[in-house]
Amino acid sequence: MTLFLIVVHTRLLLHTSPLWRDEVNSVYVATAPSLKQFLNSLVLDPFPILFVAILRIWVGLGFGSSDFDLRVLGFLIGTALLGAIWVSCRMIDKERWAPLWPLALFAFSPATLFEGDSLRAYGLGLIWIVMSFGLVWRLTFRPWRLGTAIAAAIVGLLAVQSLYLNSLILFATCFAGILVSLRRRQWWPAVVILSVGLIAALSLLPYAWIMRSAYEHLALQSEPRTISGEIPSLISSHLFSRSSVMLVCILVFSCGLITVSVPRLRQSLFASIKGGGDPLLFAVIVFFVGAIMTFGFLLASGLHSSRYRRPLMAATSLSIHVAYTTRRKNIGLTLANLIGSALTAAAFVPGSYHLSELRRTNCDLAAGVVAKSAGQDDLVIVTRFTHAPTFQRYYHGMAPWTSVPAVGDHLQHRGYLARAEMMNPDAIQDILLRIESKLKARHKVFLVGRFRLSELHQLPPVAIAPQSGRAWRPDDYLNLWHSQIVNLLSQHAVRVAKIALNGTEQVDAREKEEVFVFSGWKD
């Protein structure tokens, strides 16, 4: 499993794709020219300071001149996560420390691979939360050592300084360690584990104003979800088919059904649970407390991306590993564990291997084509302002360009930047007038974005009433503005053509662009 994952991580690096908008955002934050700009940019960046500080050092060492150099950092972090899994599982059980389930259920997941190697803080944060699990485990079940306590405090601090959501899983882990220590009447480990959690929590106090400001922006990123909609994405990503996820769920359910149905396996299972005692209790507490806090926060905030559940998935897979290590030496249970983990990993192989060849954006190709085709008197329009940071990074043409809507800058892409335009019923009137002016002057207008020629014959768009509170939906407005532009072009543009992009790889649907050129004017 580990060798296969190293191959996949290597393929991700060698099939270097351009940076997509989230990664462009990270590079901007990391290379902000002044401390004031750096701190202000953190408000729109959903991470603490650690990752962008490391990225800033990486660029400062001379490794930021190309996309490949930047992706090397992601590769190192992604492969280091594999090492963290092995080390953490060895701390849990030296005799049976092969991390079968953490690899199969967590590391093999396409979502983990995608986020772990990206120029975002997720991979770094997952390393520290995996290590925190192992170190808190040692404080709970092994003879107390000062070195372990110091390491746990440092790693816990690094965990919450990488990802805010790590604080929820670290709380669950420390809570489990404290309860089990108190149950075992081991007071000193309980105090040490409590101190580890307090140090991590206190380190987040300087971010209080950032969190308060960021909460106001969540209304423009949230979508209503239900628990039934959240659970499947615990191990999946909207980038990939859910067939692999369903297969994993069926395999896990089948293994559990066989275990409780066969008398000998059931007796062995109950005996192992009874013998597991406190270690199994630790794993169960971590899973349930972590799940309740993570899903509670995500449902309350309206955030739903699979990346936000990676820390919980890491803790879940390690908890399953703990449950495995509590079993007595039984050939049947060991064989079932080997087969189950192998089949689970195999279910993720197609998606993971496909990911290693996936282009994360083709915005660089679109920018290159437009730069060659557009003259200095033409106009280029990026139909979604959220994609503008990527276009700006790779566009070096003479033609002026704007996004829809025309926000202040294109260095970050959060929905909050367009809130003022959402409140303006004539938000893109200037863009529409520029399009009309260019076409009447016999110049060309280039559209960069997803577009269907059939849209040219649709009815005029209906305006959206102003929204408020947590009901903001940026996509509603983006679709409206897109329709307004298309409606103008369908009525007045004489010619339209699609420009082919020179790329054969499959592209992530989240930032797959097309380029259309319009010319001529008719009344």
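Caption draft 1: Spotlight on the overall build of the protein chain. In terms of helices and strands, the protein chain carries 23 helices and five strands. For the protein chain, buried positions account for 55% of its 523 residues. Intrachain contacts of the protein chain at a sequence separation of at least 6 include 79% that bridge at least 24 residues. Accessible surface, the protein chain as shown: approximately 23100 Å² in total, 64% of it carbon and sulfur.

Caption draft 2: Seen up close, the sheet that holds strand S3 (residues 445-449). A sheet is described by the order of its strands in space; here five strands give the open sequence S2-S1-S3-S5-S4, paired in mixed fashion. Looking at the sheet topology across the chains shown, the edges are occupied by strand S2 (401-403) and strand S4 (495-499). Mean inter-strand twist for the sheet, computed between neighbouring axes without regard to direction, equals 20 degrees. Sheet topology note: the S3/strand S5 (residues 514-519) ladder contains five bridges and is antiparallel. Note that in S5 the partner of Val448 across the bridge is Val515.

Caption draft 3: Focus on the side chain of Gln161. Its location among the elements puts Gln161 in the loop between helix H9 (146-160) and helix H10 (166-183). Using a relative accessible area of 12% as the deciding quantity, one classes Gln161 as buried. Look past the residues within four positions of Gln161 in its chain and what remains in contact with it is Pro48, Ile49, Leu50, Ser203, Leu204 and Tyr207.

Caption draft 4: Geometry of unusual backbone geometry. Across the junction of Val404 and Pro405, the peptide omega takes the value -5 degrees, indicating a cis bond. Here Pro405 shows up in the loop between S2 and helix H21 (419-422). Unusually for a residue other than glycine, Arg185 sits at a positive phi of about 60 degrees. Its location among the elements puts Arg185 in the loop between H10 and helix H11 (187-202). Since its relative accessible area comes to 64%, Arg185 is described here as exposed. Despite not being glycine, Arg442 shows a phi value in the positive range, around 65 degrees.

Caption draft 5: Fine view of a nonpolar patch on the surface. Where nonpolar side chains cluster on the molecular surface, the patch consists of Trp144, Leu146, Ile150, Ile154, Trp188 and Val191 and spans about 600 Å² of accessible area. It is H9 that provides the largest number of residues to the nonpolar patch, a total of three residues. Position of Ile150 relative to the elements: it lies in helix H9.

Caption draft 6: View of the environment of Ile6. Within the secondary structure, Ile6 is located in helix H1 (residues 2-14). When the C-alpha atoms of Ile6 and Phe75 are compared, they prove to be 9.7 Å apart, with 69 residues separating the residues in sequence.

Caption draft 7: Summary view of a positive patch on the surface. The grouping of Arg90, Lys94, Arg142 and Arg145 at the surface amounts to a positive patch. Inspection of the secondary structure puts Lys94 in the loop between helix H5 (67-92) and helix H6 (100-107).

Caption draft 8: Representation of the environment of Leu194 in the model. Within the element layout of this structure, Leu194 appears in helix H11. On a C-alpha basis, the gap between Leu194 and Cys174 in space is 6.7 Å, while along the polypeptide they are 20 residues apart.

Caption draft 9: The arrangement of the packing of aromatic side chains in detail. By the definition in use, this model includes 15 aromatic pairs. Measuring from ring centre to ring centre gives 5.6 Å for Phe133 and Phe282, while their planes differ by 85 degrees; the resulting arrangement is edge-to-face. Residue Phe133 is found in helix H8 (residues 122-141), and its partner Phe282 is found in helix H16 (residues 278-301); the two are separated by 149 residues along the sequence. In this pair, the class of Phe133 matches that of Phe282, namely buried. By the ring-pair criterion, three or more aromatic residues cluster together here, those being Phe133, Trp137, Phe141 and Phe282.

Reading the values: rules and limits
- Residues numbered from 1 in each chain as written.
- Predicted model: local features only at pLDDT ≥ 70, side-chain atom pairs only at ≥ 80, totals over all residues.
- Heavy atoms only, no water.
- Helix = DSSP H or I, 4+ residues; strand = E, 2+ residues; numbered from the N terminus.
- Buried < 20%, exposed > 50% of the residue type's maximum accessible area, 1.4 Å probe, protein only.
- Contact = heavy atoms within 4.5 Å.
- Areas by Shrake-Rupley, 256 points an atom, 1.4 Å probe, with all protein chains shown as cover.
- Pairing = 2+ DSSP bridges.
- Axes fitted to C-alpha atoms, helices over the stretch in contact; angles between N-to-C directions.
- Patch = residues over 30% accessible without salt bridge, like charges linked within 9 Å, V, L, I, M, F, W, Y side chains within 5 Å.
- Salt bridge = Lys/Arg side-chain N within 4 Å of Asp/Glu carboxyl O.
- Lys, Arg positive; Asp, Glu negative; His and termini not counted.
- Charge placed at Lys NZ, Arg CZ, Asp CG, Glu CD.
- Phe/Tyr/Trp six-rings, centres within 6.5 Å; stacked < 30°, edge-to-face > 60°.

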